Amino acid sequence: MSRVAGAVAAIALVAALGFALAACQTQGTETKIVTSESDASLASWLAKPEGDGPFPAAVLMHGCSGTERNTSHQTVWRGLGAHAALLNENGYVTLIVDSFGPRRITDGCQTGGKYFPLQVSDAYAAYDHLASLPFVDEDRIGLVGLSLGGGTAIRVAASGHGRASPGYSAVVAYYPYCSDFFYRFDLPLLILIGAEDDWTPAQLCRNLAPRAPDRVELVVYPEAHHSFDLPMQGPYYVEGMSGRLHTVQGNPEARRDSQRRMLKFFETHLGPAG
């Protein structure tokens with residue numbers, strides 16, 4: 001989420017989170033990833049289970065507002081941290097990637113798909129980084145993207161948008177924009193979206209999924225909005241393109257079910273973590 005309408009809403013958001021900050025933040029080690037851009041270095045946070053591995057791994061990518069790590073409410077950062085902590089507990093190495101902060105990008109929610117190519121490039125730089133680590137199994141690396149990051153995840157899974165090999169083995173997209181542009185998929189893809197999402201409509205994903213029934217699994221949560229997995233209450237309203245406001249609201253039941261499905265999906269396609 002980004003640009004929550006009004007300072008009062010932002011203050012209310014902090015008060016209503018209902019989660020201890022330290023409990024939700026990932027305890028990963030900050031690291032840098034060199035990208036194909038000569039002057040770019042991604043900020044990222046690496047965390048791993050105890051032991052030598054090699055472990056399966058997952059890259060986590062933020063939405064259009066970035067990680068929100070340096071905001072007062074840190075909603076996206078804490079949501080990413082909660083996903084990462086769950087994956088760590090279940091035997092996965094995790095890498096949270098910040099595509100926007102180091103580049104000082106602040107207009108991600110007002111520019112549509114402008115930054116998809118950037119995030120796709122970053123996703124593969126993150127894969128290469130994980131694959132280089134001795135405690136990671138390079139054949140068992142997944143990708144998790146939220147919102148804009150979810151659209152990036154779809155592009156990684158889609159035929160002709162990623163690289164042939166080596167690369168990711170499975171992809172999870174939280175509330176992505178399911179463009180009609182996609183017809184074929186090279187990778188297993190799990191899409192998790194709310195039926196009441198007025199930013200990235202679930203119906204577009206319903207139209208997309210039947211085109212690749214052997215590759216795409218779609219879960220639509222009744223009464224859930226955009227950002228349903230994030231640690232907040234709401235509803236809150238976020239400015240998108242052309243000044244339009246979109247609803248974001250947490251849904252603990254949908255969040256818990258989505259995380260359970262994410263773990264099962266990765267176990268199916270990456271193999272048991274143990």
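Parameters and conventions
Residues numbered from 1 in each chain as written. Predicted model: local features only at pLDDT ≥ 70, side-chain atom pairs only at ≥ 80, totals over all residues. Heavy atoms only, no water. Disulfide = S-S within 2.5 Å. Helix = DSSP H or I, 4+ residues; strand = E, 2+ residues; numbered from the N terminus. Buried < 20%, exposed > 50% of the residue type's maximum accessible area, 1.4 Å probe, protein only. Pairing = 2+ DSSP bridges. Axes fitted to C-alpha atoms, helices over the stretch in contact; angles between N-to-C directions. Phe/Tyr/Trp six-rings, centres within 6.5 Å; stacked < 30°, edge-to-face > 60°. Contact = heavy atoms within 4.5 Å. pLDDT = per-residue confidence, 0-100. Expected span 1.5 Å × (residues − 1).

**Q** Looking at this structure, how should I read the state of the cysteines?
**A** Each disulfide consists of one covalent bond between the sulfur atoms belonging to two cysteines. Counted according to the given criterion, the structure contains 2 disulfides. Two residues share a disulfide in this structure: Cys 64 and Cys 109, whose sulfurs sit 1.9 Å from each other. Here the disulfide of Cys 64 and Cys 109 is right-handed, its torsion about the S-S bond being about 80 degrees. Highlighted residues: Cys 64 in the loop between strand S3 (55–61) and helix H3 (75–89) and Cys 109 in the loop between strand S4 (93–98) and helix H4 (116–131), separated in sequence by 45 residues. This pair shows no difference in class: Cys 64 is buried, exactly as Cys 109 is. Disulfide pairing places Cys 178 opposite Cys 205 at an S-S distance of 2.0 Å. For the disulfide bridge between Cys 178 and Cys 205, the dihedral angle about the S-S bond is near 80 degrees, and by the sign convention the bridge is right-handed. Pair noted here: Cys 178 is in the loop between strand S6 (170–174) and strand S7 (189–194) and Cys 205 is in helix H6 (residues 202–208), with a separation of 27 residues, a long-range link. Here the two residues Cys 178 and Cys 205 agree in accessibility, since each one is buried.

**Q** What exactly am I supposed to notice about the sheet that holds S3 here?
**A** Sheet strands line up and pair through hydrogen bonds in the backbone, either parallel or antiparallel. In space, the 8 strands of this open sheet follow the order S1-S2-S4-S3-S5-S6-S7-S8, with mixed pairing throughout. For this open sheet the edge positions go to strand S1 (29–34) and strand S8 (216–221), each flanked by a neighbour on one side alone. Each strand axis lies, on average, 20 degrees off the axis of its neighbour in the sheet, ignoring direction. Note: strand S2 (residues 41–47) against S4, 5 bridges, orientation antiparallel. Looking at S4, one finds that Ala 43 is bridged to Asp 98.

**Q** So what exactly am I meant to see when it comes to the packing of aromatic side chains here?
**A** We describe a pair of aromatic rings using the distance from one ring centre to the other and the angle between the two ring planes. Scanning all chains against the criterion turns up 10 aromatic pairs. When the centroid spacing of 6.1 Å and the interplanar angle of 45 degrees are considered together, the rings of Tyr 92 and Phe 266 count as tilted. Here Tyr 92, found in the loop between H3 and S4, pairs with Phe 266, found in helix H7 (residues 252–270); they are 174 residues apart in sequence, far enough to count as distant. Of the two residues, Tyr 92 and Phe 266, neither departs from the other in class, the shared state being buried. On the basis of an interplanar angle of 75 degrees and a centroid distance of 6.0 Å, the ring pair of Tyr 174 and Tyr 175 is categorised as edge-to-face. On the accessibility criterion, Tyr 175 (1% relative accessible area) is buried.

**Q** I would appreciate a short explanation of the side chain of His 225 in the present structure.
**A** Within the secondary structure layout, His 225 lies in the loop between S8 and strand S9 (236–239). Setting aside chain neighbours within four positions, we find His 225 in contact with Glu 196, Asp 197, Thr 247 and Gln 249.

**Q** Quick question: what am I supposed to make of the confidence of the model for the protein chain here?
**A** For residues with low pLDDT, the predicted coordinates do not support detailed interpretation. Averaged over every residue, the pLDDT of the protein chain is 86; residues scoring 70 or more account for 85%. In this model residues 1–26 is a low-confidence stretch, pLDDT under 50, and it forms 56 contacts with partners more than four residues away in sequence or in other chains.

**Q** I keep staring at unusual backbone geometry and nothing clicks. Help me out?
**A** What you tend to see is this: most non-glycine residues have negative phi, and most peptide bonds are trans. Following Gly 53, the chain continues into Pro 54 via a peptide bond in cis, with omega recorded as 5 degrees. Note that Pro 54 resides in the loop between S2 and S3. The peptide bond linking Gly 234 to Pro 235 adopts the cis configuration, its omega dihedral lying at 10 degrees. Secondary-structure assignment places Pro 235 in the loop between S8 and S9. Phi angles above zero are rare outside glycine, and Glu 68 is one such case at about 60 degrees. Here Glu 68 lies in the loop between S3 and H3. Within the chain, Tyr 175 stands out as a residue other than glycine whose phi angle is a positive 35 degrees. Within the secondary structure layout, Tyr 175 lies in the loop between S6 and S7.

**Q** In this structure, what is going on with H7? I would like to understand it.
**A** Since there are 3.6 residues in each turn of an α-helix, residues three or four apart along the chain are aligned in direction. The end-to-end C-alpha distance of H7 is 26 Å, a good match for the 27 Å that 19 residues give at a rise of 1.5 Å each. All of the buried residues in H7 are Ala 254, Arg 255, Asp 257, Ser 258, Gln 259, Met 262, Leu 263, Phe 265, Phe 266 and Leu 270. Two residues or fewer after H7 comes Gly 271, characterised by a positive phi angle close to 90 degrees.

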